[in-house]
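In case you want the letters, here they are:
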Amino acid sequence: MIIGVGIDVASIERFAAALERTPEMADRLFTPAEQLLPSGARRGAASLAARFAAKEALAKAVGAPGGLEWHDAEVRAEESGRPTLHVKGTIAALGDRLGIRSWHLSLSHDAGVATAVVIAEG
């Protein structure tokens, strides 16, 4: 049963400019693992904007309550490149209360826009 669906879009250019103006924003929004590619290089703005959109879409899928911590949702990639969503802390606790048993995530970026869709399934 689908408990919630969230979608979000982010302008890659605006997100890149925000990161340039406020470099510490990346540490507030993303875990260290989210900021780095498997090679150890830093992720580009498009990839980070998509991850930000994923966290916003997750919040929308659960009704956008206050008190959720950015680092309690982490976007990871399987070896195939398929994105996955891992939750802990505030988000895992809310998911338990709502009966969420699995999270589904799709990311895309094209034409200057990053997009994410999150489905919360019970």
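No experiment lies behind these values; they were computed from the predicted model shown. (Residues numbered from 1 in each chain as written. Predicted model: local features only at pLDDT ≥ 70, side-chain atom pairs only at ≥ 80, totals over all residues. Heavy atoms only, no water.)

**Student:** Any chance you could explain the nonpolar core here in plain terms?
**Tutor:** One recurring pattern in soluble globular proteins: nonpolar side chains tend to sit buried together. By size, the foremost hydrophobic cluster in this structure holds 17 residues, and its most contacted members are Leu 58, Leu 85, Trp 103, Leu 105, Ala 116 and Val 118. Take this core: its biggest share by element is 5 residues, from helix 4 (residues 45-61). Beyond its immediate stretch of four places on either side in the chain, Leu 85 contacts Leu 58, Ala 73, Glu 74, Val 75, Trp 103, Leu 105 and Val 118. (Core = buried A, V, L, I, M, F, W, Y, C linked by side-chain atoms within 4.5 Å. Buried < 20%, exposed > 50% of the residue type's maximum accessible area, 1.4 Å probe, protein only. Helix = DSSP H or I, 4+ residues; strand = E, 2+ residues; numbered from the N terminus. Contact = heavy atoms within 4.5 Å.)

**Student:** Honestly, the packing of aromatic side chains in this entry has me stumped. Any pointers?
**Tutor:** Geometry of an aromatic ring pair is reported as the spacing of the ring centres plus the angle between the planes. In the structure shown here, the tally under the stated rule is 3 aromatic pairs. Look at Phe 15 and Phe 30: their rings are 6.2 Å apart centre to centre, the planes differ by 75 degrees, and that puts the pair in the edge-to-face class. With a gap of 15 residues between them, Phe 15 in helix 1 (residues 12-21) and Phe 30 in the loop between helix 2 (25-29) and helix 3 (32-35) connect regions that are remote in the sequence. Summarising the burial analysis for this pair, Phe 15 and Phe 30 share the class buried. Taken together, the ring pairs in this structure connect Phe 15, Phe 30, Phe 52 and Trp 70 into an aromatic cluster. (Phe/Tyr/Trp six-rings, centres within 6.5 Å; stacked < 30°, edge-to-face > 60°.)

**Student:** Which parts of the structure should I look at to understand the pairing of strand 4 (residues 102-110)?
**Tutor:** A regular strand places its side chains on the two faces of the sheet in alternate fashion. With 9 bridges joining them, strand 4 and strand 5 (residues 113-121) adopt antiparallel strand pairing. Of the residues in strand 5, the one forming a bridge with Leu 107 is Ala 116. Between strand 4 and strand 5, which pair antiparallel in sequence order, lie 2 residues; one of them, Ala 111, sits at a positive phi of approximately 55 degrees. (Pairing = 2+ DSSP bridges.)

**Student:** Any chance you could explain the pattern of salt bridges here in plain terms?
**Tutor:** Counted under the stated rule, the structure contains 4 salt bridges. One salt bridge connects Glu 74 with Arg 76, and the closest N-O pair in it is separated by 2.6 Å. Accessibility expressed as a relative area gives 12% for Glu 74, which makes it buried. Salt-bridge contacts for Arg 82 lead to Glu 78; the nearest nitrogen and oxygen are separated by 2.9 Å. (Salt bridge = Lys/Arg side-chain N within 4 Å of Asp/Glu carboxyl O.)

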